[in-house]
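Chain by chain, the residues run as shown.
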Amino acid sequence: MMNDSLFSLVCAGEIFELKAELNSDKKEKKKEAVKKVIASMTVGKDVSALFPDVVNCMQTDNLELKKLVYLYLMNYAKSQPDMAIMAVNTFVKDCEDPNPLIRALAVRTMGCIRVDKITEYLCEPLRKCLKDEDPYVRKTAAVCVAKLHDINAQLVEDQGFLDTLKDLISDSNPMVVANAVAALSEIAESHPNSNLLDLNPQTINKLLTALNECTEWGQIFILDCLANYTPRDDRESQSICERVTPRLSHANSAVVLSAVKVLMKFMEMLPKDLDYYGTLLKKLAPPLVTLLSAEPELQYVALRNINLIVQRRPEILKHEMKVFFVKYNDPIYVKLEKLDIMIRLASQANIAQVLAELKEYATEVDVDFVRKAVRAIGRCAIKVEQSAERCVSTLLDLIQTKVNYVVQEAIVVIKDIFRKYPNKYESVIATLCENLDSLDEPEARAAMIWIVGEYAERIDNADELLESFLEGFHDESTQVQLQLLTAIVKLFLKKPTETQELVQQVLSLATQDSDNPDLRDRGYIYWRLLSTDPVAAKEVVLAEKPLISEETDLIEPTLLEELICHIGTLASVYHKPPSAFVEGSRGVQHKRLPGSAGSGESVESPDTGSAAGVSEAPPAVIPSQGDLLGDLLNLDLTPPTTTGPPPPSSGMQMGAMDLLGGGLDSLMGAGFGAPPAAMPASFTAPVSGGLDDLFDLGGGVGMPMGAYSPPKTVWLPAMKAKGLEISGTFARRAGVIQMEMTLTNKAMSVMTDFAIQFNRNSFGLAPAGPLQVLTPLSPNQSIEVTLPLNTVGPVMKMEPLNNLQVTDVHIYLYHKSHYYLHSRQVFLATWKDIPNDNESQFQIKDCHLNSDAASNKLQGSNIFTIAKRTVEGQDMLYQSMKLTNGIWVLAELRVQAGNPNYTISLKCRAPEVSQCVFQSYEAVLKN
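Residues numbered from 1 in each chain as written. Predicted model: local features only at pLDDT ≥ 70, side-chain atom pairs only at ≥ 80, totals over all residues. Heavy atoms only, no water.

A. A look at the overall build of the protein chain. When helices and strands are tallied, the protein chain shows 37 helices and twelve strands. When each of the 927 residues of the protein chain is scored for burial, the buried share is 51%. If you take every contact in the protein chain between residues at least 6 apart in sequence, the share linking residues at least 24 apart comes to 68%. By element, 51% of the accessible surface of the protein chain is carried by carbon and sulfur atoms, the whole surface being about 43,200 Å². (Helix = DSSP H or I, 4+ residues; strand = E, 2+ residues; numbered from the N terminus. Buried < 20%, exposed > 50% of the residue type's maximum accessible area, 1.4 Å probe, protein only. Contact = heavy atoms within 4.5 Å. Areas by Shrake-Rupley, 256 points an atom, 1.4 Å probe, with all protein chains shown as cover.)

Next up, the structure:
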């Protein structure tokens, strides 16, 4: 153990003293000196000057001293690569030491030193250690292969280490097997098409044999590997399940969840009428229940996983409802998760018990929990029809408590109950109307308005109730305004003679006094319907509504299958696939459960490809991202996995036909001359999201070939800054946005002490470090300065959008190199999905490039051509880009041979950026 006094060393001659002690002849003194060096390193002091002296201490038989020196080497080798080579001979020598601990320590340390110059010297010692007689050395060497592969994959393949690693799966020692599996799995994740883990029944048998004898973390590696195997038939599946089942009683919760993952996957192949299937269901419940007796954080992870399991196989825990009842001292995150699982397990058999519990929760002091409990009662009513009457009675009892937030939540859920069971529980409307004045939350007000409009013929004073809402129409939220407009139109269609003045008033407010386009459009549609064809209006507005589904919050089946395959990982806690939150997820594979035996649960899509046999996904739609500041502050910018089909096209989209000239649908045909542009080979940056990636800072991508960088312009004239003139531009170099400036001293005196400060801007742009001006600026002298920038500064929408107030600077909009729409279908679906009002059209004049040259030039600046076609001698380029703040822009560029003027149409969910994008197009094409 290190003494606390070691950490208090701060004196002027400390380095000199340590150097003398490190070169001492006394072993104890040398060891104390190395401890002091490590202590100084630990508290952040720079002791790299002692590198050669510490390296000299490697020549020792003392294991403790050797460990300390190796620790120092791992920390400083990267900053001192030339000196680190001095240690290579000692490493090689230590790899042949009689002591297996020293051999393992040497190979482990060499794997941790990420210096290219040392890597080539590591190969021979590593090869020997992989075949070492001691299993401890072999298991350490197996992990070292994965580390070396991360540094230099080609070297590992050339040296044949992967084949040696595969051979270790047949090793006699279970820990060696586990580490070999872990290393191969790690390498396979980054190279998904390499087929490194070629699992077959013989290999699986070896892994299952090792499973019983290795450590708990070794068991996790092996179980995760087993989960990637697809058995040949139900007999093999049952055999594996029988040998994995004992892991369910393990003390480590991670082992339990990994075992559950394997069993959940292989159960898909077992016939449901098999006796073993029922036995396995019974065996899965107790370990899951046991996980809920752990500390709250582990409980939460277990509950998130149980939530997935219950959605896939509710029968596993159908008799365990009581363990999900909330305890008084549970944290709120555990309470809410338990509540969700209770609803999923609710059935006719246990509904009375569940309702009694939920009614109790509705009297708690935690407001958020009470709201969720009231909503849960409504969900029970919708899910279990036999309990609906009891649920409504319980909700009415809660309304009688007159607790404001309870009343409002109750009204929201009663609206859903009316939708599920029309003409059944309308007798409670009178009670709801009594609480009208206490409603102050938009969702509750909107629900009450819907109820009044839907059942206006049963409420004598419906017109008075709706008129009371109309008095403060402009102060209401959009949700309430839209609901109020529809409710009054319903009322008019039911009682036309009494409410003519009321409907005219609301239509006037919606169409003439409102600046909300959704409200205005709905108002105009209703006005036209009522004025041209009242019968049609009645059929549309008062049409029979579809019943709401029983479970509206279930995870989509294909996503659920993928999440089941990731039980025990972060994906099962987030309820998102790894590709949605893992940066640089090129190696993340989408996993699916195997097809069920003798059941129709997993039905393949009929539209399967002839060769690959994989169903073709429907065209995705780039999601709406709201206003600009919403985009800037949205930390999850990764493109979602679209699993459902796009909404059906309606007749309202006819305008889109003319936007692309000649009909959007022909985009899908084979009439294009050129395929979609491929991504440049140089772009291999990992995908990342969030504010840090606003300007592609995390990409590690340099300026692409032929990319446009704006010329420097004068930002600050000398006359406004006491003789200092600043010219500058923005550029992206090696993935980093930089402000490149020329400072010129036009005064008569020397200038020093330069600094820079940015005001708030649309991109959160701020200096990544202080302004480095190394020399005083003499009169008439100019100096070039580069300032790296990041995007973690305060955000504020600017006018114009790309304005940056340092003095008065305009940002050039950079586009992300690694984002573009890969298919015409996605482009088409997204173009149709963006409102027509968001389209802007511009003219680019005096541009003398043909369409191919223009496409290539734009691709250099990360504006990608998805498709091209020629209509009546005019080339139409359909292009997409993603700005560095996460906003998608679609474009149609029309190029007429012999005409120097181009027409460009831009469509975007944040139309404020269109002008800036047009300026970018103009700058790129004309320079």
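This is not the end of the story, as more comes after the structure.
B. Up close: a negative patch on the surface. Together, Glu464, Glu467, Glu471 and Glu501 give the surface a local cluster of negative charge. Mapped onto the elements, glutamate 471 comes out in the loop between helix 26 (462–470) and helix 27 (478–494). Using a relative accessible area of 70% as the deciding quantity, one classes glutamate 471 as exposed. (Patch = residues over 30% accessible without salt bridge, like charges linked within 9 Å, V, L, I, M, F, W, Y side chains within 5 Å. Salt bridge = Lys/Arg side-chain N within 4 Å of Asp/Glu carboxyl O. Lys, Arg positive; Asp, Glu negative; His and termini not counted. Charge placed at Lys NZ, Arg CZ, Asp CG, Glu CD.)

C. Representation of the side chain of arginine 138 within the structure. In this structure, arginine 138 sits in helix 9 (residues 135–151). Since its relative accessible area comes to 10%, arginine 138 is described here as buried. Only 2.9 Å separates the side chain of arginine 138 from the side chain of aspartate 171, close enough to count as a polar contact. Apart from the residues within four sequence positions on either side, arginine 138 is in contact with Cys129, Leu130, Asp132, Glu133, Leu168, Asp171, Ser172, Asn173 and Val176. (Polar contact = N/O pair within 3.5 Å; in protein donor to acceptor, adjacent residues only side chain to side chain.)

D. Geometry of helix 2 (residues 27–42). Over its 16 residues, helix 2 runs 23 Å from end to end, which matches the ideal 22 Å to within 8%, given 1.5 Å per residue. Where helix 2 is concerned, the buried positions are Lys31, Ala33, Val34, Lys35, Val37, Ile38, Ala39, Ser40 and Met41. Among the structural elements, helix 1 (14–22), helix 3 (51–56) and helix 4 (63–76) are those in contact with the buried residues of helix 2. Of the residues one or two after helix 2, glycine 44 is the one with positive phi, at around 95°. (Expected span 1.5 Å × (residues − 1).)

E. Expanded view of the sheet that holds strand 8 (residues 839–844). Strand order across the open sheet formed by five strands is 8-12-11-10-9, with antiparallel pairing between neighbours. Edge strands, defined here as strands with exactly one partner in the open sheet, are strand 8 and strand 9 (864–871). Ignoring strand direction, the axes of neighbouring strands in this sheet form an average angle of 20°. Where strand 9 lies against strand 10 (residues 874–882), seven bridges are found, and the strand directions are antiparallel. (Pairing = 2+ DSSP bridges. Axes fitted to C-alpha atoms, helices over the stretch in contact; angles between N-to-C directions.)

F. Quick peek at the pattern of salt bridges. Inspection of every chain in the model, using the stated rule, returns 32 salt bridges. Between glutamate 236 and arginine 232 there is a salt bridge whose closest N-O contact spans 3.2 Å. Glutamate 784 serves as the salt-bridge partner of lysine 712, at 2.5 Å between the closest nitrogen and oxygen. Separated by 72 residues along the polypeptide, lysine 712 in the loop between helix 34 (655–659) and strand 1 (713–716) and glutamate 784 in strand 5 (residues 782–790) bring together distant segments of the chain. Note on lysine 712: relative accessible area 35%, which makes it partly exposed.

G. Summary view of the side chain of serine 40. Its place among the elements puts serine 40 in helix 2. Apart from the residues within four sequence positions on either side, serine 40 is in contact with Glu14, Lys45 and Val47.

H. Representation of the packing of helix 26 against helix 27 within the structure. The contact between helix 26 and helix 27 brings their axes to 11 Å, and the two run at 155°. Here helix 26 lies roughly antiparallel to helix 27, going by the angle between them. For the pair helix 26 and helix 27, the crossing hand works out as left-handed. Counting all contacts with helix 26, which are made through Ala462, Asp463, Leu466, Phe469 and Leu470, the residues of helix 27 involved are Leu484, Ala487, Ile488 and Leu491. Grouping the amino acids of the contact of helix 26 with helix 27 by side-chain chemistry returns eight nonpolar, no polar and one charged. (Parallel < 35°, antiparallel > 145°, perpendicular 65-115°, else oblique. Left-handed = near helix turned anticlockwise from the far one by under 90°. Nonpolar A, V, L, I, M, F, W, Y, C, P; charged D, E, K, R; others polar.)

I. Representation of the confidence of the model for the protein chain in the model. Taken residue by residue, the protein chain gives an average pLDDT of 78. The fraction at 70 or more is 81%. Taken element by element, the protein chain is modelled with least confidence in helix 34, mean pLDDT 31, and with most confidence in helix 18 (residues 296–312), mean pLDDT 93. Low pLDDT, under 50, characterises residues 622–705; the predicted model gives this stretch 207 contacts beyond four residues in sequence or across chains. Predicted confidence is poor over residues 807–814, with pLDDT under 50, and the contacts of this stretch with residues over four places away or in other chains come to 36 contacts. (pLDDT = per-residue confidence, 0-100.)

J. Broad picture of the sheet that holds strand 1. Taking strand neighbours across the sheet as the criterion, the five strands line up as 1-2-3-5-4 in an open arrangement whose pairing is antiparallel. Where the open sheet ends on each side, the last strands, each with one partner, are strand 1 and strand 4 (766–767). When strand 1 meets strand 2 (residues 724–733), the two strands line up antiparallel, connected through three bridges. Opposite leucine 716, over in strand 2, you have isoleucine 726 as the bridge partner.

K. Structural view of helix 26. Among all positions of helix 26, only Ala462, Leu465, Leu466, Phe469 and Leu470 are buried. On an axial view of helix 26, the arc spanned by its buried residues comes to 145°, and they lie on one face. (Arc of directions from axis to C-beta.)

L. Spatial organisation of unusual backbone geometry. The phi dihedral of lysine 402 is positive, around 60°, even though this residue is not glycine. Within the element layout of this structure, lysine 402 appears in the loop between helix 22 (388–399) and helix 23 (404–420). When its relative accessible area of 47% is taken as the criterion, lysine 402 is described as partly exposed. Here histidine 575, not a glycine, exhibits a phi torsion of approximately 60°, which is positive. The buried category is assigned to histidine 575, whose relative accessible area is 15%.

M. Inspection of the packing of aromatic side chains at higher detail. Applying the stated criterion across every chain yields a total of ten aromatic pairs. An angle of 45° between the planes, with centres 5.2 Å apart, marks the rings of tyrosine 361 and phenylalanine 369 as tilted. Consider the rings of tyrosine 574 and phenylalanine 581, whose centres lie 4.8 Å apart with planes at 90°: the pair is edge-to-face. In this structure tyrosine 574 comes out as partly exposed when scored by relative accessible area, which is 42%. Judged by its relative accessible area of 28%, phenylalanine 581 is partly exposed. Put simply, the rings of Phe418, Trp450 and Tyr455 pair up and form one aromatic cluster. Stacked on the ring of phenylalanine 369, the Lys or Arg lysine 335 has its end atom at 5.2 Å from the ring centre. (Phe/Tyr/Trp six-rings, centres within 6.5 Å; stacked < 30°, edge-to-face > 60°. Lys NZ or Arg CZ within 6 Å of the ring centre and 35° of its normal.)

N. How the structure looks around the nonpolar core. Formed by 208 residues in total, the largest nonpolar core has its most connected members in Tyr72, Leu126, Leu358 and Phe418. Three or more residues apiece are contributed to this core by two domains, here domain 1 (346–437) and domain 2 (441–543). If near-sequence neighbours (up to four positions away) are discounted, leucine 358 is found in contact with Leu339, Met342, Ile343, Ala373, Ala376, Ile377 and Cys380. In this structure, Phe842, Leu893, Leu906 and Phe918 belong to the second largest nonpolar core, which totals 25 residues. (Core = buried A, V, L, I, M, F, W, Y, C linked by side-chain atoms within 4.5 Å. Domains from an automatic or database assignment.)

O. Spatial organisation of the packing of helix 21 (residues 367–383) against helix 22. Contact geometry of helix 21 with helix 22 gives a least axis separation of 8 Å together with a crossing angle of 160°. Regarding the angle of helix 21 to helix 22, the classification is roughly antiparallel. Viewed along their axes, helix 21 and helix 22 form a crossing whose handedness is left-handed. Contact with helix 21, carried on its side by Val374, Ile377, Cys380 and Ala381, involves Ala388, Cys391, Thr394, Leu395 and Leu398 of helix 22 and no other residues of that element. A breakdown of the residues in the contact of helix 21 with helix 22 according to their chemical character gives eight nonpolar, one polar and no charged.

P. Up close: the pairing of strand 3 (residues 736–745). Among the ten residues that make up strand 3, nine are buried, leaving the element largely enclosed by the rest of the structure. Sheet topology note: the strand 2/strand 3 ladder contains ten bridges and is antiparallel. Considered in strand 3, the bridge of serine 727 is made with threonine 742. For strand 3 and strand 5, the ladder comprises seven bridges, and the chain directions are antiparallel. Directly across from methionine 739, in strand 5, lies its bridge partner leucine 787.

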